[in-house]
Amino acid sequence: MLIRLVMSVIGAAALFLVLVPFMLWMYGFDVYGAPPPKNESAMAQAMQRMMWRSYDGGVSWSGVRWNVPFSLDEVTAFALHPRDASIMYAGTEARGIWKSVNQGTSWIRVGESGALHKETSVSRVIVAPSDPRVLYVIYAENNRGHVGISTDAGFSFVDRYAVGHDGQRIHDLWINPRDASHVMIATSQGGVLASRDAGASWQSMKWFDEPVIMVSADSHAANRVHVMTAGGTIYISSGGEEWTPIGQDAHGKDSGDAMPFDMTSMGQALRRMWRDFIVPAQQSALIRDPAVPSRFYIVGSEGLFRSDDNAVSWTRVAVPVPPGFSSVDAMAINPFDVRHIYAASGDMVYVSGDSGLTWTVETLAMRYTRFMAVSSADPRFLVIISGK
């Protein structure tokens, strides 16, 4: 009897020692201390299945296993919940939309009820700051771009807009941070459209003669709108009636404020990627400072640039990338202290607490950064989605 009891205890202990580490490993914890991959192919595969998190404002980083049935290179959209740092969303190419409630340790597919399904390609996911139950997505269906909305935190979506011709896309969407029903979109047909009833109806603000790839409005004055066309031209408007190209006055005369980089090539590259529904992450993105509406950043193959006068004139932000490299893959801004900015280039992450005058550098086991985000719920929490 005693021997049987002892054997039962030993068996239960052995099962515990095997099962618990295995379950922890399944949820992304590195409990086995696996040796590094022995060849380049294995290393590349390992990099594809790792996202990175920082809990101290970018001072240190830890990798978490990507526990979903696709690689990080198939992630085409990423968004953090504005009030809960544990919740995040990922849109994919032909694999629908996914949600995590534990900071990316595990994921579930959502959004299959309604307009989206498990094979939908999603290029943007945007959570409304004023009501995080509201999500807008840009997605492709039947070779056309669509806008969808969810009012139940991503579990179901309703289609709100579709372009009129095959092969056309919706490139960007802006949400008023104070009103989740007020949105603007940019289309490859050259349209800038606005809705004040969550997409139930739309008003044409402007039709350009080339695709519009980005739209952004001043969070303090939503009628002050910036757009960027596929040709690389940035336009500004107050109220949507007059649209003035940056670098020219209202009569189209050159004001002498030339861009210090090739905006045309950046815009054309972005247009090609959108045409093939290959989302270039944050490359060539026009990023508005969340606290200083007149300040913009651009990241791309020629580096990181900043404008403090509504995108009229630009200066290079001296990110200390190694000689021979100039590309900045992504950047992010601390929404509570905009002096703290973050940039990524290749396998390096740069952190600045003085608006880019000085930097600290951390090297991670990744090829490049597809997405970088700072949580507005906890600005010490940062996430990087890497690429192979």
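Here the structure is a predicted model, which means the values were calculated and not measured.

Participant: So what's going on with the sheet that holds strand S9 (residues 135-141)? Residues and values would help.
Facilitator: Spatially, the 5 strands line up as an open sheet ordered S7-S11-S10-S9-S8, and their pairing is mixed. Both edges of this open sheet fall to strand S7 (113-114) and strand S8 (121-127), since each of them pairs with a single strand only. Across 4 bridges, strand S10 (residues 144-150) lies against strand S11 (residues 156-162) in antiparallel orientation. Bridge pairing in S11 places His146 opposite Ala162.

Participant: Which residues make up unusual backbone geometry, and what values do they have?
Facilitator: Non-glycine residue Ala94 carries a positive phi angle of around 70 degrees. Residue position: Ala94 is located in the loop between strand S4 (88-92) and strand S5 (97-100). Positive phi outside glycine occurs at Asn142, with the angle close to 55 degrees.

Participant: Help me get a handle on the packing of aromatic side chains, residues and values and all.
Facilitator: Enumeration over the complete set of coordinates arrives at 8 aromatic pairs. Residues Trp66 and Phe70 carry aromatic rings whose centres are separated by 6.2 Å and whose planes lie at 75 degrees to one another, so their mutual orientation is edge-to-face. Of the two residues, Trp66 and Phe70, neither departs from the other in class, the shared state being buried. One aromatic cluster is present, built from ring pairs that chain together Trp66, Phe70, Trp98 and Trp107.

Participant: Can you explain the nonpolar core? Please cite residues and give values.
Facilitator: Formed by 19 residues in total, the largest nonpolar core has its most connected members in Trp66, Phe78, Trp107 and Ile385. At the level of elements, strand S3 (75-80), S4, strand S28 (368-374) and strand S29 (382-387) are the ones that each hand at least two residues to this core. The biggest single contributor to this core is S3, with 3 residues. When near neighbours in sequence (up to four residues on either side) are disregarded, Trp107 contacts Met51, Trp66, Val68, Phe78, Met88, Tyr89, Ala90, Trp98, Lys99 and Ser100. Of all hydrophobic cores here, the second largest spans 17 residues; its members include Ile149, Leu173, Leu193 and Ala198.

Participant: Could you give me a rundown of the confidence of the model for the chain, with the residues and numbers involved?
Facilitator: When pLDDT is averaged along the chain, the result is 81, and 77% of the positions lie at 70 or above. Under a pLDDT of 50 for its full length, residues 20-40 has, in the predicted model, 21 contacts with residues more than four places off or in other chains.

Scoring rules and cut-offs
- Residues numbered from 1 in each chain as written.
- Predicted model: local features only at pLDDT ≥ 70, side-chain atom pairs only at ≥ 80, totals over all residues.
- Heavy atoms only, no water.
- Pairing = 2+ DSSP bridges.
- Helix = DSSP H or I, 4+ residues; strand = E, 2+ residues; numbered from the N terminus.
- Phe/Tyr/Trp six-rings, centres within 6.5 Å; stacked < 30°, edge-to-face > 60°.
- Buried < 20%, exposed > 50% of the residue type's maximum accessible area, 1.4 Å probe, protein only.
- Core = buried A, V, L, I, M, F, W, Y, C linked by side-chain atoms within 4.5 Å.
- Contact = heavy atoms within 4.5 Å.
- pLDDT = per-residue confidence, 0-100.

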